[in-house]
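As a plain string of letters, each chain reads:
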Amino acid sequence: MENVALKYAKYHLSKTHGFCTEVPGLFDLKDLKPHISILKDLKNFDPSSISSLPMQQGIESLSYNELELSCLVHTTLNYLYYWHNLDKPNTVIPLNLAQPTMQISKLLDRPPMLTMVSSQLYNWDYIDPNKGFHPDNTKVVFSFTGTRDEDYFFTGANYIEYLGSPGINSIMELETAQNNPEEMKKHLENIAKCIFSLRSGLELVRKNIDPDVFYHKIRRGLKGFDKGVIFEGQEPVTMMLMGTTPTQTPLFKVFDAFLGICHDDEYLTQTELFMKKQHRELLRDIRNRDVKKMKENVKKFDLKDDWNRIIVELCEYRKIHTGVAVRNIIKPSGQSLEKGTGGSNIVQYLARITKTTMANMM
Ligand code: HEM
């Protein structure tokens, strides 16, 4: 049987922090010093400064964390360059950024775009290193707006992944515990409890983000390259490059996969390509489990109530999240039909996701 620690390492999963990194990422690399100094002074960002940046060399021999830092730095600079002028984006990313970006993208097996992996998982640090892992004590390192609201948006997402770890641990253990009714019951209860606990993470996000700051400032940093993009000197990118969005986070995708819930939604499927490769692999392996057999065991061992409790918690969480979306997008926009990053009516879209979840009650 595969060693548990190896399995967690293979999927870049932590027993204590789930899909979130246990420690802050790297924020310094000799070859990236000029790039990083631009990112530390965004108020004075001048797109013409990009052309004088040296092209990063030796990417193929970087450690994993150095590669993630290189990805964060390059995709953030590309973003700033592209969207410097919102009315007329710079759609050609210059060669000195384009070439390393494409090389990093191939090595990480992610699209050449700023994603939640970079903005959230590899862009946080402690405020006070002697205090705990909590949004009140964590911040983003390269921040578009320099606001605490932006900190809470990303570190809140980190914290939700962290709170999700007991549920993910149970999902991992359930792979081999399905013939043991006591074990199965314990894990199903754990998952429901865990999903309930996620509400506290979402509440921190709700409480600490001013909707006007989110709508008018933070959202500016979440755009896709929707006017097309050319990476100078590189093979054309044929896919749509969406912007950073929490829909790319793995936790709910894995809960859904474990329960056999399929939303049959093109946009959600597209977001999976922007996840970390190792997290995509876990998602694929959970989807390959025999859900039908698990549901038969749930019925056989009289665990239907425990199963349904998970579904109810998931729906309740999703309803609360819809409230957060309404508060931060629809209200400040003043338009009830405001569209989300997925391009559809937000309330209808999220209600459909909740409805598909509810349809999986036994
Ligand atoms: C200001 C805070 C937030 C706003 C305004 C917001 C808004 C939205 C919107 C509009 C959607 C619909 C899809 C789209 O158009 O992009 C969505 C979906 C989603 N959001 Fe959020 N969101 C927020 C915070 C979060 C956080 C902190 C997380 C957790 C990490 C999260 C996770 C998700 C997920 C997983 C989906 C996909 C639907 C689902 O699985 O239920 N969101 N969000």
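The rules behind each value
Residues numbered from 1 in each chain as written. Predicted model: local features only at pLDDT ≥ 70, side-chain atom pairs only at ≥ 80, totals over all residues. Heavy atoms only, no water. Helix = DSSP H or I, 4+ residues; strand = E, 2+ residues; numbered from the N terminus. Rg over C-alpha atoms; globule rule 2.2 N^0.38 Å. Buried < 20%, exposed > 50% of the residue type's maximum accessible area, 1.4 Å probe, protein only. Contact = heavy atoms within 4.5 Å. Areas by Shrake-Rupley, 256 points an atom, 1.4 Å probe, with all protein chains shown as cover. Lys, Arg positive; Asp, Glu negative; His and termini not counted. Charge placed at Lys NZ, Arg CZ, Asp CG, Glu CD. Salt bridge = Lys/Arg side-chain N within 4 Å of Asp/Glu carboxyl O. Axes fitted to C-alpha atoms, helices over the stretch in contact; angles between N-to-C directions. Parallel < 35°, antiparallel > 145°, perpendicular 65-115°, else oblique. Nonpolar A, V, L, I, M, F, W, Y, C, P; charged D, E, K, R; others polar. Donors = N, O, S within 2.8 Å, 3.2 Å for Na, K, Ca; no water. Phe/Tyr/Trp six-rings, centres within 6.5 Å; stacked < 30°, edge-to-face > 60°. Lys NZ or Arg CZ within 6 Å of the ring centre and 35° of its normal. UniProt positions renumbered as here; feature names shortened; annotations may be inferred. Polar contact = N/O pair within 3.5 Å; in protein donor to acceptor, adjacent residues only side chain to side chain.

A. Spatial organisation of the overall build of the chain. Summing up its helical and strand segments, the chain has 15 helices and four strands in all. Relative to a compact globule of 362 residues, whose C-alpha radius of gyration would be 21 Å, the chain shows 21 Å and is just as compact. Seen along its three principal axes, the alpha-carbon backbone of the chain occupies a region of about 65 × 50 × 45 Å. Across the 362 residues of the chain, 54% fall into the buried class. In the chain, of all internal contacts separated by at least 6 residues, the share reaching a separation of at least 24 is 76%. Of the roughly 16800 Å² that the chain leaves accessible, carbon and sulfur atoms contribute 52%. Averaging the positions of the 45 positive and the 44 negative side-chain charges in the chain gives two centres separated by 3 Å.

B. Structural detail: the pattern of salt bridges. Within this structure, the stated rule accounts for 18 salt bridges. Residues Glu175 and Lys7 are paired through a salt bridge, measuring 2.8 Å at the closest nitrogen-oxygen approach. Remark: Lys7 occurs in helix H1 (residues 4-10) and Glu175 occurs in the loop between helix H7 (165-174) and helix H8 (181-208); sequence separation between them is 168 residues. You can call Lys7 buried: its relative accessible area is 18%. Each of the salt bridges in this network shares a partner with another, and the network as a whole consists of Lys7, Glu175 and Arg289.

C. Broad picture of the packing of helix H14 (residues 304-333) against helix H15 (residues 346-358). Across the interface, H14 lies against H15 with an axial gap of 9 Å and an inter-helix angle of 175°. The pairing of H14 with H15 is recorded here as roughly antiparallel in orientation. Contacts between H14 and H15 pair Ile311, Leu314, Cys315, Arg318, Lys319, His321, Thr322, Ala325, Val326, Ile329 and Ile330 from the former with Ile346, Val347, Leu350, Ile353, Thr354, Thr357 and Met358 from the latter. Its residues placed into classes, the contact of H14 with H15 shows 12 nonpolar, four polar and two charged.

D. Looking closely at the coordination of the iron atom of the ligand. Of the protein atoms, His321 (NE2) alone serves as a donor to the iron atom of the ligand, at 2.1 Å. Relative to the helices and strands, His321 resides in helix H14.

E. Examining helix H12 (residues 277-287) more closely. The set of residues buried in H12 consists of Gln278, His279, Arg280, Leu282, Leu283 and Ile286. Where the residues of H12 are buried, they touch H1, helix H3 (64-82), helix H5 (116-121), H7, helix H10 (251-259) and helix H11 (266-272).

F. Geometry of the packing of aromatic side chains. Scanning all chains against the criterion turns up 15 aromatic pairs. On the numbers, 5.0 Å between centres and 55° between planes, the contact of Phe133 with Tyr162 is tilted. One end of the pair, Phe133, is in the loop between strand S2 (124-126) and strand S3 (138-140); the other, Tyr162, is in helix H6 (residues 148-163), with 29 residues separating them in the sequence. Centre to centre, the rings of Phe252 and Phe255 are 6.1 Å apart; their planes meet at 70°, and the pair counts as edge-to-face. In this pair, Phe252 and Phe255 are both assigned in helix H10, three residues apart and thus about one turn of the helix distant. The same class applies to Phe252 and to Phe255, which are both buried. One aromatic cluster in this structure is built from Tyr79, Tyr82, Trp83, Phe144 and Phe225. In this structure, Lys223 packs its charged tip against the face of Trp83, placed 4.4 Å from the ring centre.

G. Spatial organisation of the UniProt feature "binding site: heme b" (unreviewed entry) in the chain. UniProt's feature table lists "binding site: heme b" (unreviewed entry) at His321, given in the numbering used throughout. If we ignore the near neighbours within four places in the chain, the residues touching His321 are Leu202 and Leu350.

H. Examining the side chain of Lys7 more closely. Within the structure, the side chain of Lys7 is placed 2.8 Å from the side chain of Glu175, a separation counted as a polar contact. Excluding residues that lie within four positions of it along the chain, Lys7 makes contacts with Glu2, Met172 and Glu175.

I. The environment of Ser52, seen in detail. Relative to the elements of secondary structure, Ser52 occurs in the loop between helix H2 (33-39) and H3. Of the polar contacts made by the side chain of Ser52, one reaches the backbone oxygen of Ser49; its length is 2.9 Å.

J. Geometry of the environment of Gln278. Its location among the elements puts Gln278 in helix H12. Sequence separation between Gln278 and Ile38 is 240 residues; the distance between their C-alpha atoms is 31 Å. Sequence-distant contacts of Gln278, that is, excluding residues within four places in its chain, are made with Lys10, Tyr11, His12 and Tyr64.

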